[in-house]
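Here are the chains, one letter per residue:
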Amino acid sequence: MRTLLIIIALVIIVMIVKRLWQKPRPPAQSGQQPGKMVQCANCGIYIPEQEALTRGEQRYCSQAHLDEDMRNSS
Ligand SMILES: [Zn+2]
């Protein structure tokens, strides 16, 4: 009898978990969403954030500008 209760409890748990799984999930973040624009700390042009190179708080349009700024600041 106890085994039967455990089986029933497991079935209920599985049903609850399945129901949670079937909940519509928030849309996954795709890489194609309009990105935030950030400004290159060296030349000042705007580039999409995902394409920008980051060094600390600064964003750069290219590796060259990142290197140049790093040399100037050190
Ligand atoms: Zn730049």
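Keep in mind it's a predicted model, so treat the numbers as computed, not measured.

Peer 1: So what's going on with the overall build of the chain? Which residues, and what values?
Peer 2: Across its full length, the chain holds 2 helices and 4 strands. Taken from N to C terminus, the helices and strands of the chain fall in the order α-β-β-β-β-α. For the chain, buried positions account for 11% of its 74 residues. Residue pairs in contact within the chain that sit at least 24 positions apart in sequence constitute 8% of those at least 6 positions apart. Accessible area for the chain stands at about 6600 Å²; split by element, carbon and sulfur atoms hold 60% of it.

Peer 1: I'd like a rundown of the coordination of the zinc ion, residues and numbers included.
Peer 2: Protein-derived coordination of the zinc ion comes from Cys40 (SG), Cys43 (SG), Cys61 (SG) and His65 (ND1), at a distance range of 1.9 to 2.4 Å. Around the zinc ion sit 4 donor atoms, and with donor-metal-donor angles ranging over 97 to 123° the site reads as tetrahedral. In the primary structure, the donors to the zinc ion are separated according to the pattern C-x2-C-x17-C-x3-H. Here the residue cysteine 40 occupies a position in the loop between strand 1 (37-39) and strand 2 (46-48), and cysteine 61 occupies one in the loop between strand 4 (58-60) and helix 2 (63-73), the gap between them amounting to 21 residues.

Peer 1: Let's hear about the nonpolar core: which residues, and what values?
Peer 2: Among the nonpolar cores identified, the biggest contains 6 residues, and these are Val38, Cys40, Ile47, Ala52, Tyr60 and Leu66. The residues contacting cysteine 40, other than those within four sequence positions of it, are Ile45, Ile47, Arg59, Tyr60, Cys61 and His65.

Peer 1: Which residues make up a nonpolar patch on the surface, and what values go with them?
Peer 2: A cluster of nonpolar side chains, Met1, Leu4, Leu5, Ile8, Ile12, Ile16 and Leu20, forms an exposed patch at the surface whose accessible area comes to about 730 Å². Relative to the elements of secondary structure, leucine 20 occurs in helix 1 (residues 2-22).

Peer 1: Tell me about the pattern of salt bridges, and name the residues and values.
Peer 2: Throughout the structure, instances matching the rule amount to 2 salt bridges. A salt bridge links lysine 36 to glutamate 49, with the shortest nitrogen-to-oxygen separation between them at 3.9 Å. Residue lysine 36 is found in the loop between helix 1 and strand 1, and its partner glutamate 49 is found in the loop between strand 2 and strand 3 (53-55); the two are separated by 13 residues along the sequence. Owing to a relative accessible area of 29%, glutamate 49 belongs among the partly exposed residues under this scheme.

Peer 1: Please provide a residue-by-residue account of helix 2, values included.
Peer 2: The complete set of buried residues in helix 2 reads His65, Leu66 and Asp69. The buried side chains of helix 2 occupy one side of the element, clustering within an arc of 105° when seen end-on. Close packing links the buried residues of helix 2 with strand 3 and strand 4.

Conventions we followed
- Residue positions are given per chain, counting from 1 as you read along its sequence in written order.
- Where totals are concerned, whole chains, interfaces and linings use all residues; where local detail is concerned, this predicted model gives features only for residues with pLDDT of at least 70, and gives and counts side-chain atom pairs only at 80 or more.
- Hydrogens are left out, water is left out, and the side-chain values use all remaining heavy atoms of the structure.
- Only DSSP runs of H or I with at least four residues qualify as helices, and only runs of E with at least two residues qualify as strands; both kinds are numbered from the N terminus onward.
- Buried residues are those whose accessible area, probed at 1.4 Å on protein chains only, stays under 20% of the maximum for their type, while exposed residues exceed 50% and partly exposed ones sit between those limits.
- Any two residues having at least one pair of non-hydrogen atoms within 4.5 Å are treated as being in contact.
- Accessible areas in this description were obtained via Shrake-Rupley with a 1.4 Å probe; residue shielding takes into account the shown protein chains only.
- Counted as coordinating are nitrogen, oxygen and sulfur atoms within 2.8 Å of the metal, or 3.2 Å for Na, K and Ca, while water is not included, which may make sites look incomplete.
- Square planar and octahedral assignments, for four and six donors respectively, both demand that opposite donors be over 155 degrees apart and that all other angles lie between 65 and 115; tetrahedral needs four donors with all angles between 85 and 135 degrees, and anything else is irregular.
- Nonpolar cores were defined as sets of buried Ala, Val, Leu, Ile, Met, Phe, Trp, Tyr and Cys residues, with membership established by side-chain atoms within 4.5 Å.
- Like-charged residues are merged into a patch within 9 Å and nonpolar side chains (Val, Leu, Ile, Met, Phe, Trp, Tyr) within 5 Å, provided each residue has over 30% relative accessible area and no salt bridge.
- By definition, a salt bridge exists where a carboxyl oxygen of Asp or Glu is found within 4 Å of a side-chain nitrogen of Lys or Arg.
- By definition, the arc is the one covered by directions from the helix axis to the C-beta atoms.

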